[in-house]
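# Notes for the structure review
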Amino acid sequence: MTAYTKIDNCLSTRSGHLFIEECDTVDLVKKFGSPLFVFSEKQLRENVRSFRKGFSAFWPGGEVEVLPAIKANWILATRRILSEEGAGADTYSYGELHAALTAGVNPEIISVNGGGKQEDLIEKCIQNNVRITVEDLDEPDLINQVAARLGKKAKIRFRVKPNFPELRKPTDFAQEKVTIDIGIQVYKSGIPAQYLPELGKKVLQMSNLELVGLHFHGGRHDPSLWYWENLMRGYAALIAELSSAWGGWQPKEIDIGGGFAIYRDPHNKLGLRKDVVETWLTWPLVKLLGFLKPGLRYKIMGKVLPLFSKKPNRKMAPTIPEYGQAAAGTLHRELSRLGINTKGVKLQIEPGRCLYGNTGIHVTRVKKFKQQTMPMPWNWVLTDTTYFFLAGGMYEYQFNHYIFANRTDDKPKYVADIVGHSCYGDRILPIVQVPDVQTGDLIAMLDMGAYQEVSACNFNALPRPATILVNGKDSEIIRRAETIEDVFRRDVIPERLIRR
Ligand SMILES: Cc1ncc(COP(=O)(O)O)c(C=O)c1O
């Protein structure tokens, strides 16, 4: 009988192997090589449906539109799946807008964010009738001018920055140790509440602009429902204040941005704050041992450091329906209480990490299990990937769940660093438990669907890996692996240097 354990809707282990949908990851690597990003079509469709359903249940006023943050994943094939599901897109740059339009997103539900928009981008937005989310005080003037030149009316929203004095817990988004309200203030995007009454009055007089709604994105400062309830209370208060300042203005759409945590929540688990605690514990010991001979010092530290071995996060984040209740439910309740009519008002959400995260895994092959016993005992599982292929996650100090994909039933045997093969330290998963590792074993890192694949770079002249989409038993390439020629494709050696 086949031993089957469900990990996720798309992930399971069967007789010692990790499956994504109906595909054995071991076979995928045989077919497509390693390392590999693998995405599940089923999970992607399920997630977008779950967001729509989970938020609609608590937003009785109007439609809920899901505008996934394309920055988290701008692969055209995955994006096309979301377009089929009727999702819009939150885009940031000219390139992201291009990706959204190419992948068939309905322009009416594309929001173009970002400060300092240049005229070419504004023109493209107006020509394509997408929403322009205004971030700078002088932006409306420029949009109005471009729209007038094109003989069109631009649909805009203000990206607002409400005040949240109650959010006094430490943020785990900024690396400084500050409270969430300060973390939100120092974030460059959004127009502070204090500027908006005047700005709105001015914009409402501009003949080539239509102010259709408001936008707010706080980001993932905290995974809790407490955070979302407070965000929405503050946002509702600002909406009511602006409606009154603008003579009873009614939003047609309210966008609450993204920032919902991935369920297994790898975010910032290798972060600086933890390092500070560990430093306080280990540094006195390191100093104390300074009196000993190096050999003895290394031996002791080689035994002590593995005691700090880490396990991926066990405290799961809220589910999508729970976020729906906390965010949409609180916003609806507060707006109604403050006298804002939500009938017919669209609620827009822009999940990035939480929508894409668990749709993708990264599979890497073990090149070598490297052990040293002298002078300091240490173990490394050297893989054929690198944290430069996972840059977005590294930047956020993510500590992902991982599975030895060809030996899922094996018990841990060693403590080791799982490292990449660039010449940096490349500690992808430092000081973790590993089984009796062999060359050729496969490691799958979970929740790699957001930010990683799209942030991979070529350090050490390493060609970026292929990306695969699975659908049931089928698997197809959706981004081919780079060749060494691709890596050097942009290089130009001036003729005079060739001649020498
Ligand atoms: C405007 C906007 N919306 C949505 C997102 C997605 O955020 P997350 O991936 O945390 O859900 C971002 C991320 O930076 C953003 O800037």
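Keep in mind the model is a prediction, meaning the values are calculated, not measured.

## Quick word on the site of the ligand
In the vicinity of the ligand there are 17 residues, among which Ala69, His217, Gly258, Glu350 and Gly352 approach most closely. By residue class, the composition of the shell around the ligand is six nonpolar, seven polar and four charged.

## Quick notes on the packing of helix 2 (residues 41-56) against helix 12 (residues 320-337)
Relative orientation of the contacting elements helix 2 and helix 12 amounts to 40°, with a least axis distance of 8 Å. Taken together, helix 2 and helix 12 sit at an angle that is classed as oblique. You can see that helix 2 and helix 12 cross each other, and the crossing is right-handed. Listed contacts from helix 12 to Ser50, Phe51, Gly54 and Phe55 of helix 2 are Ile320, Pro321, Tyr323, Gly324 and Ala328. Its residues placed into classes, the contact of helix 2 with helix 12 shows six nonpolar, three polar and no charged.

## Quick word on the sheet that holds strand 4 (residues 23-24)
Strand order in the open sheet formed by four strands is 1-2-3-4, with antiparallel pairing between adjacent strands. Edge positions in the open sheet fall to strand 1 (4-6) and strand 4, since each of these has one partner strand only. Here strand 2 (residues 11-14) pairs with strand 3 (residues 17-20) via four bridges, running antiparallel. Looking at the pairing, Leu11 lines up with Ile20 of strand 3.

## Brief notes about the domain arrangement of the protein chain
Partitioning the protein chain into domains gives domain 1 (4-40 + 359-487), domain 2 (42-266 + 315-355) and domain 3 (272-308). Centre-to-centre separation of domain 1 and domain 3, based on C-alpha positions: 29 Å. Contacts between the two partners involve six residues from domain 1 and, on the opposite side, nine residues from domain 3. Residue classes in the side of domain 1 that touches domain 3 are distributed as six nonpolar, no polar and no charged.

## A look at the nonpolar core
Counting 124 residues, the largest nonpolar core has Val38, Val363, Ile418, Ile443, Ala444 and Ile468 as the members making the most contacts within it. Here this core takes eight residues from helix 9 (residues 225-245), the largest share from any one element. Both of domain 1 (4-40 + 359-487) and domain 2 (42-266 + 315-355) provide at least three residues apiece to this core. Aside from chain neighbours lying at most four places away, what touches Ile418 is Val381, Thr383, Ile428, Leu429, Val432, Val434 and Ile443.

Rules used throughout
Residues numbered from 1 in each chain as written. Predicted model: local features only at pLDDT ≥ 70, side-chain atom pairs only at ≥ 80, totals over all residues. Near = placed C-beta within 6 Å. Nonpolar A, V, L, I, M, F, W, Y, C, P; charged D, E, K, R; others polar. Axes fitted to C-alpha atoms, helices over the stretch in contact; angles between N-to-C directions. Helix = DSSP H or I, 4+ residues; strand = E, 2+ residues; numbered from the N terminus. Parallel < 35°, antiparallel > 145°, perpendicular 65-115°, else oblique. Left-handed = near helix turned anticlockwise from the far one by under 90°. Contact = placed C-beta atoms within 7 Å. Pairing = 2+ DSSP bridges. Domains from an automatic or database assignment. Core = buried A, V, L, I, M, F, W, Y, C linked by C-beta atoms within 7 Å. Buried ≥ 20, exposed ≤ 12 C-beta atoms within 10 Å, placed from the backbone.

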